[in-house]
Amino acid sequence: MRCAEVTVTAALVALIVGIGAGLALGWVVAGSAVAAAVVGAAASLWFARNRYKSWAYLERDEDLIVERGVMIRRMSVVPYGRMQFVDVTAGPVDRVFRLATVRLHTAAAASDARIPGLERAEAARLRDRLAALGEAKAAGL
Amino acid sequence: MIPGSDQPAGAGPGHAANPGSAAGVTPVGTGRDQPVSPGPDHSEGWRRLHPLSPLVRSGRGVLAVLAVAGLSTSGALGQASGQRWYEVAVPVVAAGAAVVNWLVTRWKIDGATLRIETGLLRRDSRQLPLARIQAVDLVRPFLARMLGLAELKVRLAGAPEGDGRLAYLTEPAAVTLRARLLAAHYGLDPATPEPTEQIMVTVPAGRLIGSVLLLTVGLAAVAVPAGVLLVAYSPAGLFAAAAPLLWWVLISGSLLWQRVSSQYGFTVAASPDGVRIRRGLLGTVAETIPVARVQAVRMIEPVLWRPLRWRRLEVDVAGSEGHDHPEGGASVRKALLAVGPQDEARLLLRLALGDAAPTLTKPPRRAWWKAALSYHYLAAGHDDSVAVTVTGRIRRVTMWVPLAKTQSVRLVQGPWQRKLRLATVHLDAAGKHAHAEFAQRSYSEARPLVDELAALSRSARRRAGLLAVPQQVHQAAGEGQAATAVSPVNAAQSEA
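Let me sum up the structure you'll find in this document. Since we're looking at a predicted model, the values are computed, not measured.

Attention shifts here to the sheet that holds strand S3 (residues 124-129) of chain B. Residue and element names in this part refer to chain B. The strand order S1-S2-S3 describes an open sheet built from 3 strands, whose pairing is antiparallel. Whereas interior strands pair on both sides, the edge strands pair on one side only; in this sheet they are strand S1 (106-110) and S3. Sheet twist, expressed as the average angle between the axes of neighbouring strands with direction ignored, equals 15°. The pairing of strand S2 (residues 113-118) with S3 spans 6 bridges and is classified as antiparallel. Looking across to S3, one finds that Arg115 is bridged to Gln127.

As a further point, take the sheet that holds strand S1 (residues 56-59) of chain A. With antiparallel pairing, the 6 strands of this open sheet are ordered in space as S1(A)-S2(A)-S3(A)-S17(B)-S18(B)-S19(B). With partners counted over all chains shown, the strands left at the sheet margins are S1 of chain A together with strand S19 (435-442) of chain B, one partner each. Taking each pair of neighbouring strands and ignoring which way they run, the sheet shows an average axis angle of 15°. Both strand S18 (residues 422-428) of chain B and S19 of chain B contribute to a ladder of 6 bridges, which runs antiparallel.

Residue and element names in this part refer to chain B. Most of strand S4 (residues 133-140) is tucked away, with 8 of its 8 residues classed as buried. With 6 bridges connecting them, S4 and strand S5 (residues 149-156) associate as antiparallel partners. Paired with Val136 across the bridge in S5 is Val154.

A few words now on the nonpolar core. Residues and elements named next belong to chain B. Val297, Leu348, Ala352 and Val450 are the most contacted members of the largest nonpolar core, which has 123 residues in total. Broken down by element, this core gets its largest block of residues, 7 residues, from helix H4 (residues 81-104). Every residue in contact with Val297, bar those within four places of it in the chain, is listed here: Leu313, Val315, Leu336, Leu349, Ala352, Leu353 and Trp400.

Before going further, it helps to examine helix H4 (residues 120-137) of chain A. Residues and elements named next belong to chain A. Relative to the 26 Å expected for 18 residues at 1.5 Å per residue, H4 spans 26 Å between its end C-alpha atoms, a close match to the ideal helical length. Of all the positions in H4, only Ala123, Leu126, Arg127, Leu130, Leu133 and Gly134 are classed as buried. Down the axis, H4 shows its buried residues gathered within 140° of arc, on one side only. What points out from H4, more than 90 degrees from its buried face, is the exposed set Ala121, Asp128 and Ala136.

Thresholds applied
Residues numbered from 1 in each chain as written. Chains lettered and ligands numbered in written order. Predicted model: local features only at pLDDT ≥ 70, side-chain atom pairs only at ≥ 80, totals over all residues. Pairing = 2+ DSSP bridges. Helix = DSSP H or I, 4+ residues; strand = E, 2+ residues; numbered from the N terminus. Axes fitted to C-alpha atoms, helices over the stretch in contact; angles between N-to-C directions. Buried ≥ 20, exposed ≤ 12 C-beta atoms within 10 Å, placed from the backbone. Core = buried A, V, L, I, M, F, W, Y, C linked by C-beta atoms within 7 Å. Contact = placed C-beta atoms within 7 Å. Expected span 1.5 Å × (residues − 1). Arc of directions from axis to C-beta.

Okay, structure coming up:
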């Protein structure tokens, strides 16, 4: 979801750059630049679609599972009891599309459970649920 | 007053950099409305640090600055006289700041919390819940040791190192305070005397020096032939080779000195309140780690030590080194055995982890195609209380993570691994690098392993929680991270 939007904006930027370059350097260059931008955008769109499709999360009774990655598949299982805090962030592009990223932090730096591109309401629901569960099941270090 | 005005920046190294950080859960309102003067000991129980502590704290810096000032004004550079006055002012200001810092710092034990207040303009009041102590260190730098002083460092998870620091107390006072803190940690009467300890392992100086020498000799075995070759090919290259060689000698010499002086007289003792480690030649360090706080243990066998079958043990304890990191707490790594043979290592492992000895299995033969250089070491195994993994290419690293301490379980599968139907399962403990790696397991084994480890960690955690309760009968705040209703948002700040 989010990635697709990001690449659309990336394509727009590429187009503008291409046209700008073309105006400065002549029409042949401009044509190839635009073509390159279009191809690049298509490729990154394809990558982004795959990436988007690979994200998945599952709320179980005791832990949260997050899966991601196309080339390198990663799966994290984070018990609610180990959660230190929950982050909800929304960058400028996210905000345009009313999206947010929920991120779970544990005391281990490596356990990275991040769920990007959530609808804002869903992000808030997930955050509250995680916070409540974390409180109920909290375990000391 | 100039020293006073730059005090918060100059003399509060621990707290000035991280406002409102970990330990200061609720900055108690001693702050703004109190008069700027420290208000010495008007309320009961507040204690000061030792009067000589500003001298020791700023001692080294002042000496260094004085030395530099002395050098530069000794005429070698022919400086103007105005410069000289300026340079003397720096140590004076620093010393003044240290004195002010001493004046405004006070501490007391308040039931189950240690409270430290400091700061002149910006009062900083820290409350360290003793039930959450991860480790207590008694540090004696050389200068402090000469004066019979010691610094007490209380480590809490997520709290920057400077937060639980009492520098300096007299040695006996520091020792009794440590006993009180640990007694309170276990929910005992604070007046309980320090329990007797049983010395488990001492590292002889000869072995320590030998081990460090072996490591540098290994480097020399590479560096010297390279240098000789270079000189043989071009005699003019002698000069080119001499400078790096000199550097190398200097660096390895200082490394050697550092290793030997910091680990000299390495002694590990077991006592009911935890594992005690003492080490140091000029400045000494005495660390106490409650056994239940061990996050992970790692055994390293460098290739050059192999003929002597020596190994090194390290433990990871939650707590953060330096900056307060948003990515969860970093861990503090402590040497559990500087260097020692197998039976000593086994003894200490049993001390830190109990009797668990899971059987190790090797990854499938096809993993060789993915990890040709490390395949010969790769192995992993777990039982219901601890996971053990072996990794490493040239030096073997064995990692133990108690399942009760697991933070998360991860499965990672790269493209090559997918081709070979392999996957790596990581078991993360608190900290940055404390994780056990079930490397290159067959995918059909790894996928169920993730769920199994998650389930086992859950039950191990529950068992540990049950164990912790009777230990702390009278303590409401107990090991009660398990029970306290702190919302995770605060939890990040307070208990990590």
